[in-house]
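# Survey of secondary and tertiary structure
In case you want the letters, here they are:
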Amino acid sequence: DAEKDQYKAKIKQLLKDKNAVLVAHYYTDPEIQALAEETGGCVADSLEMARFGNQHPADTLIVAGVKFMGETAKVLTPEKTVLMPTLEATCSLDLGCPIKEFNEFCDKHPDRTVVVYANTSTEVKARADWIVTSSCALEIVEHLDEQGEKILWGPDKHLGAYIEKQTGADMLMWDGACIVHDEFKTKALVDMKALHPDAAVLVHPESPASVIDLADAVGSTSQLIKAAQELDNNKFIVATDRGIFYKMQQLCPEKEFFEAPTAGEGATCKSCAHCPWMAMNGLKAIHDALIDPTGREIFVDMDLRDGALKSLNRMLDFSA
Ligand code: 13P
Ligand code: SF4
């Protein structure tokens, strides 16, 4: 509508004026992803977002995603101004892994290599030996297992259990989950598969094991998008945030995508296939952040930065 068009036009001008670039995650709303693409920014998974922000020459990054993505960008490029549409866009995994308790957990198991998911605070990243995203977690744990290392894993228990099963690594788990993926329901998915027997099932590994067991492809957002392109099926049932449909539909216009069920008949869910924090990245919020960064700029403690940078770089180098 007219108001949205006005915001888009203003944002385009502001990005130019401020030498800023918009970096968006696949779970943001379609209009945000489209705007990032139109303005020379990127739409990506969390690993690619980190890499893009690190390499892009802009003075300012505006990160449409959730807070850990902004913090990762600032750790990698402290010389850049890193803005977020709202600093309230957090993540249940980050919230569920406070540094004090995580430190105590690590202190109790000094013999283990600490591997943490990128969906965490800078403090937790600084405590980690390795940081991983869902794109590279499997390969990194496999590598550590081959070195004979025992692992302390946090915070996503479902991703951790999936990797443990795939690699056979010795992993001690933190008990955290994503409120969006945790809601996908096994029985309802079995019923949906029966309705669409020719559909392939794509599942993000933050989902429960019983849902992952039903998948034809399991992977990060970018890996699921690739699977949608590469598999021969014309129909897909997708167990991840529905924001991903924008890119899947754009790349495969002739294919059909269905949301995996988040609740059985009569049941309800808290966050049905759309992350409430990703949904905070609206056009107005992006516009306002570019006009007045107060309260929307990411800062990280420089002492913590050194620790987090070491393990982030380890991940980027490994997955280069
Ligand atoms: P990807 O790394 O697969 O993009 O997932 C990150 C995530 O959980 C964003 O919510
Ligand atoms: Fe966190 Fe889940 Fe939202 Fe991703 S979708 S940001 S893991 S709460």
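Residues numbered from 1 in each chain as written. Chains lettered and ligands numbered in written order. Predicted model: local features only at pLDDT ≥ 70, side-chain atom pairs only at ≥ 80, totals over all residues.

## Comments concerning the sheet that holds strand S11 (residues 235–239)
Stated precisely, the cut-off is as follows: Paired strands are those between which DSSP finds at least two bridges. Strands are runs of DSSP state E lasting at least 2 residues, helices are runs of H or I lasting at least 4, and numbering of each runs from the N terminus.
With parallel pairing, 4 strands are arranged side by side in an open sheet as S10-S9-S11-S12. In this open sheet, the two strands that pair with only one neighbour each are strand S10 (217–218) and strand S12 (256–259).

## Overview of the sheet that holds strand S2 (residues 42–44)
Operational definition: Every axis corresponds to a line fitted to the C-alpha atoms, with the helix fit spanning only the stretch in contact, and the corresponding angles, defined between N-to-C directions, vary from 0 to 180 degrees.
The 4 strands are arranged S2-S1-S3-S4 in an open sheet whose pairing can be described as parallel. The sheet is open, and its two borders are formed by S2 and strand S4 (81–83), each paired with just one other strand. The average angle at which neighbouring strand axes cross in this sheet is 20°, direction not considered. For strand S3 (residues 60–64) and S4, the ladder comprises 3 bridges, and the chain directions are parallel.

## Some thoughts on the site of ligand 1
Keep this limit in mind: Here, nearness means that the C-beta atom of a residue, built from backbone geometry, sits within 6 Å of the molecule or strand in question. Polar here means any residue other than Ala, Val, Leu, Ile, Met, Phe, Trp, Tyr, Cys and Pro, which are nonpolar, and Asp, Glu, Lys and Arg, which are charged; Gly is therefore polar.
In the vicinity of ligand 1 there are 13 residues, among which Asp-45, Ser-46, Ser-134, Ser-220 and Thr-221 approach most closely. Residues that form the shell around ligand 1 fall into these classes: 3 nonpolar, 8 polar and 2 charged.

## A closer look at the domain arrangement of the protein chain
The line we're drawing: Residue ranges assigned to the domains are those given by an automatic or database domain assignment.
The domains assigned to the protein chain are domain 1 (2–90 + 278–299), domain 2 (93–173) and domain 3 (181–259). Here the side of domain 2 that touches domain 3 is composed, by residue class, of 3 nonpolar, 4 polar and 1 charged.

## Overview of unusual backbone geometry
Applicable threshold: The burial label depends on the number of other C-beta atoms within 10 Å of a residue's C-beta. Counts of 20 or more mean buried, 12 or fewer mean exposed, and intermediate counts mean partly exposed, with C-beta atoms placed from the backbone.
Residues Gly-154 and Pro-155 are joined by a peptide bond in cis, for which omega reads -10°. Notably, Asn-19 is not glycine yet its phi reads approximately 45°, a positive angle. Note that Asn-19 resides in the loop between helix H1 (2–17) and strand S1 (20–25). A count of 11 C-beta atoms within 10 Å places Asn-19 in the exposed class.

## Overview of the pairing of S11
Regular strands place side chains that alternate from one sheet face to the opposite one. This is how the line gets drawn: Assignment of crossover handedness uses the view with strands pointing away from the viewer, where a clockwise path from the first strand over the helix to the second indicates a right-handed crossover.
Among the 5 residues in S11, 4 count as buried, and that is most of the element. Sheet topology note: the strand S9 (residues 199–203)/S11 ladder contains 5 bridges and is parallel. Bridging from a neighbouring strand, Ala-200 pairs with Phe-236 of S11. When S11 meets S12, the two strands line up parallel, connected through 4 bridges. Across the sheet, the residue bridging to Ile-237 is Phe-258, located in S12. Since S11 and S12 lie parallel, the crossover through helix H13 (residues 245–251) that links them has a hand, and here it is right-handed.

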